[in-house]
Amino acid sequence: MPIFNNCGPTCWDMSNLVSVVHVIGFLENLMSTEKKGRGSPPLWYITANELDSLSSYIRGRLTLEKVNAAINDMATYAEANAHLITAPKKKLAENLWDKALELRDIAMTEAVKGKHFFLENDIKGPALKLDNTGKAILTVLRNLGRLSEIRIGHHRVIILLKPQ
């Protein structure tokens, strides 16, 4: 049964109006409890064609698996930073609170605001390390437009970008 009967908006069926009000209240509640923030970091893996499109001196001996595993690591670093930025002080230890304040300052800069990022100091994972292979992976991803690097203070900030 429609809310407005054939007689127009002046003769509403009250039971339908009450149920519509409940649905609107439920939707408003649902929207207010949605998770705010950046969401999960992107996992834009590269394809074999993209890797082959690079010059051999840039690509080196990297394999598609190594580069895509490094993309997983970078997403993990960015997600950890996002959690630190949004965490309340009560839930953080003293050493993490200092890092969270530093990350918040970095996140508020114009170049980084609203983007997923991590610091060079965060790189310590199984697939991406700051050795020669890790530096080559960062160069490949920079050339493919998947990340950019900027310096903010004494930090080297790596920003994850959407592929073009």
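Data block above holds the structure.
This section reports on the structure supplied with the text. (Residues numbered from 1 in each chain as written. Predicted model: local features only at pLDDT ≥ 70, side-chain atom pairs only at ≥ 80, totals over all residues. Heavy atoms only, no water.)

Section: the sheet that holds strand β3 (residues 155-160)
Stage number 1. In spatial order, the strands read β1-β3-β2; together these three strands make up an open sheet with antiparallel pairing. On the outer flanks of this sheet lie β1 (117-119) and β2 (147-152), each paired with one strand and no other. Put simply, the sheet's adjacent strands are angled 25° from each other on average, direction ignored.
Stage number 2. Bridge analysis of β2 against β3 gives six bridges, and the strand direction is antiparallel. Bridged to S148 within β3 is I159.
Stage number 3. Each of β1, β2 and β3 touches helix α4 (residues 64-86); the most contacted strand, β1, lies at about 95° to it. (Pairing = 2+ DSSP bridges. Helix = DSSP H or I, 4+ residues; strand = E, 2+ residues; numbered from the N terminus. Axes fitted to C-alpha atoms, helices over the stretch in contact; angles between N-to-C directions. Contact = heavy atoms within 4.5 Å.)

A word on the side chain of D122
Stage number 1. Mapped onto the fold, D122 is located in the loop between β1 and α6 (132-143).
Stage number 2. Taking the relative accessible area as the measure of exposure, D122 reaches 4% and is therefore buried.
Stage number 3. Separated by 2.9 Å, the side chains of D122 and N81 make a polar contact.
Stage number 4. Residues in contact with D122, not counting those within four places in the same chain, are Y77, N81 and K99. (Buried < 20%, exposed > 50% of the residue type's maximum accessible area, 1.4 Å probe, protein only. Polar contact = N/O pair within 3.5 Å; in protein donor to acceptor, adjacent residues only side chain to side chain.)

Geometric descriptors of this kind do not, in isolation, establish any biological role.
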